[in-house]
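As a plain string of letters, each chain reads:
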Amino acid sequence: MLGFVPFALVLGARASQKGLSALEVPFMAGANFGGGSEFAAIALWTSPPHVLLIVAITLLVNSRHLLMGAMLAPIIRHLPKRKALLALFFMCDESWALGLAEGRKTSSRLSLGYYAGVALPLYLTWVIFTAIGALIGPSLGDVTRFGFDMAFPAVFLVMLAGMWQGVAAARPWLVSLVVAGVTCLLVPGAWYVPAGAISGVAAAYFWSRTT
Amino acid sequence: MNAMNVLTIVLMASVTYLTRIGGYLFLRDRNLSPRAKAVMESAPGCVLITVIAPSFVTGQVADLIALAVTAVAATRLSMLPTVLIAIATAGVLRSVAG
C-alpha cells in the first residue's frame, strides 16, 4: 500500500501542471482507478484533451483486466452478481494477486471481507495521495529545470520493469518505442501514440503465432 | 470542473470498468487463445513505452544518458530511489552539457 504513495503523488502533481483541478484529479483516480492508464492519459493530456485518443489508450492499457477478471471468476462465482460487480470495480494488480492467492488457498472461494480489507485501503490511498499531489503540484514551478521532468519517464520505466516477463515478451515494446520515436520526429501532433501502440500490439500478435 | 475534462474522465472510467467486469461476465467459461493472452499481456507495455517515446528522441545527449541510467535503476530499485536518481542524473548532466 505504501508503494502507491509516491506513484500517486507524482501523478497528481503532473496532472495539476497539465491543468486538471484539485477536484478533477481525485475524481479521475477514484472513478477510473487504474494507475497505468492514468499516467498515460495525463502524459497525453492537453487543453482541451483529445477525448478519443485518451479513451482508446485507456482501453488498451486496461485490456489485461479482461484476463484478470476471467481468472478471478471461478473464486467469486459464489457471490451474488451485484456484489461481484462491485468487488470488480476495486480490482487492481495488487488486490487481484492477493485475492487470487487467498481464494485458491481457502476452498476456492474468495472471502469478500478479506478482499475488501485488501482493496479498500489501496483505493483510498490512491485517491487521497493523488489529491495531495494535485495540491502541491503547482508549487513545484518549472519542472524542466533541475531535471524534475525526468520523474515522469522514470515512473513509466519502473512500471515497465514491473511488467517484465522476459526478452521475448518485451520485443513488441521495442517495436512500439522505435515506431513511436520515429513518428514523433517526422509527424507533428499525437500521431506517434496510435502508431507506436498499434505497431507494438500487431508485433505481439504476429510473434505469438510464430512461437 | 471543466466539462471536457469531466467528459474525458467519465469515458475513461466507463471503458476501464467494462474491462474489469468483461472478463468475469463473458470470458469465465472460455479458454482464451494463447495469442489473445500474448496481445493482452504486452499491450500495456507497448502503450507505456509509446507514451514516453518522445523523451527518447529529444536529440539531447544528456537526456538519453539520463534515460539509460534510469532504465538500469528501474530494473534494480523501487520507484522512489529510481525517480530520485532520474532527477539527479538529468539535472547534473544537463548543467554539464550547458
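Since the structure is predicted, the reported quantities are computational estimates derived from the model, not experimental observations.

Asks: I keep staring at the overall build of chain A and nothing clicks. Help me out?
Replies: Helix and strand content of chain A: eleven helices and zero strands. When its helices and strands are written in sequence order, chain A yields α-α-α-α-α-α-α-α-α-α-α. In terms of overall dimensions, chain A is globule-like: its C-alpha atoms have a radius of gyration of 19 Å, near the 17 Å expected for 211 residues. In chain A, which comprises 211 residues, the share counted as buried stands at 52%. Within chain A, counting contacts between residues at least 6 apart in sequence, those at least 24 apart form 74% of the total. Summed over its atoms, the accessible surface of chain A is roughly 9,600 Å², and 72% of this surface lies on carbon and sulfur atoms.

Asks: So what exactly am I meant to see when it comes to the confidence of the model for chain A here?
Replies: Caution is warranted with low-pLDDT regions, since their predicted coordinates should not be read in detail. Scored by pLDDT, chain A comes out at a mean of 89, with 96% of its residues at no less than 70. Taken element by element, the predicted model of chain A shows its lowest mean pLDDT in helix H7 (residues 93-105) of chain A (84) and its highest in helix H2 (residues 24-32) of chain A (97).

Asks: When you look at the interface of chain A and chain B in this model, what are you seeing that I'm missing?
Replies: Many authors give the size of an interface as the accessible area that is lost as the parts come together. Contact with chain A, which involves 87 residues of that partner, is made by 64 residues of chain B. Both sides of the chain A and chain B interface together cover about 6,600 Å² of buried area, and 79% of this is carbon and sulfur. Of all residues in chain A, Leu67, Met150 and Leu157 of chain A bury the most surface against chain B, accounting for 10% of the area lost on that side. The interface formed by chain A and chain B contains one salt bridge. Its salt-bridge partner being arginine 94 of chain B, residue aspartate 149 of chain A comes within 2.9 Å of it at the nearest N-O pair. Among the elements that line the side of chain A that touches chain B, the one with the most residues is helix H9 (residues 151-163) of chain A, at eleven residues. Here the residues of the side of chain A that touches chain B sort into 61 nonpolar, 19 polar and seven charged.

Asks: When you look at the side chain of threonine 50 of chain B in this model, what are you seeing that I'm missing?
Replies: You can see threonine 50 of chain B is positioned in helix H2 (residues 34-56). A polar contact is formed between the side chain of threonine 50 of chain B and the backbone nitrogen of alanine 197 of chain A, at a distance of 3.4 Å. If we ignore the near neighbours within four places in the chain, the residues touching threonine 50 of chain B are Ser176, Ala180, Tyr192, Val193, Gly196 and Ala197 of chain A.

Asks: What is the right way to read the nonpolar core from this model?
Replies: In a soluble, globular protein the nonpolar side chains are often hidden away together inside. In terms of nonpolar packing, the biggest core is built from 81 residues, with Phe39, Trp45 and Trp126 of chain A touching the most fellow members. Sort the elements by how many residues they give to this core and H9 of chain A lands first, with nine residues. For tryptophan 45 of chain A, the contacting residues outside a window of four places in its chain are Lys18, Leu20, Met28 and Ile54 of chain A together with Asn5, Thr8, Ile9 and Met12 of chain B.

Asks: Quick question: what am I supposed to make of the confidence of the model for chain B here?
Replies: Residue and element names in this part refer to chain B. For chain B, the average pLDDT comes to 90, and 99% of its residues sit at 70 or higher. By mean pLDDT, the top-scoring element of chain B is helix H1 (residues 3-26) (95), and the lowest-scoring one is H2 (88). With pTM at 0.85, the complex prediction returns an ipTM value of 0.88.

Asks: Looking at this structure, how should I read the packing of helix H5 (residues 64-76) of chain A against H7 of chain A?
Replies: All names here are of chain A. Put simply, H5 and H7 touch, their axes get as near as 10 Å, and they point 25 degrees apart. Of the possible angle classes, the one that applies to H5 and H7 is roughly parallel. Between H5 and H7 the crossing geometry is left-handed. Between H5, through Arg64, Met68, Met71, Leu72 and Ile75, and H7, the contact on the second element is made entirely by Asp93, Trp96, Gly99, Leu100, Gly103 and Arg104. Residues belonging to the contact of H5 with H7 are distributed by class as follows: six nonpolar, two polar and three charged.

The rules behind the values
- Residues numbered from 1 in each chain as written.
- Chains lettered and ligands numbered in written order.
- Predicted model: local features only at pLDDT ≥ 70, side-chain atom pairs only at ≥ 80, totals over all residues.
- Heavy atoms only, no water.
- Helix = DSSP H or I, 4+ residues; strand = E, 2+ residues; numbered from the N terminus.
- Rg over C-alpha atoms; globule rule 2.2 N^0.38 Å.
- Buried < 20%, exposed > 50% of the residue type's maximum accessible area, 1.4 Å probe, protein only.
- Contact = heavy atoms within 4.5 Å.
- Areas by Shrake-Rupley, 256 points an atom, 1.4 Å probe, with all protein chains shown as cover.
- pLDDT = per-residue confidence, 0-100.
- Buried area = accessible area lost by both parts, 1.4 Å probe.
- Salt bridge = Lys/Arg side-chain N within 4 Å of Asp/Glu carboxyl O.
- Nonpolar A, V, L, I, M, F, W, Y, C, P; charged D, E, K, R; others polar.
- Polar contact = N/O pair within 3.5 Å; in protein donor to acceptor, adjacent residues only side chain to side chain.
- Core = buried A, V, L, I, M, F, W, Y, C linked by side-chain atoms within 4.5 Å.
- Axes fitted to C-alpha atoms, helices over the stretch in contact; angles between N-to-C directions.
- Parallel < 35°, antiparallel > 145°, perpendicular 65-115°, else oblique.
- Left-handed = near helix turned anticlockwise from the far one by under 90°.

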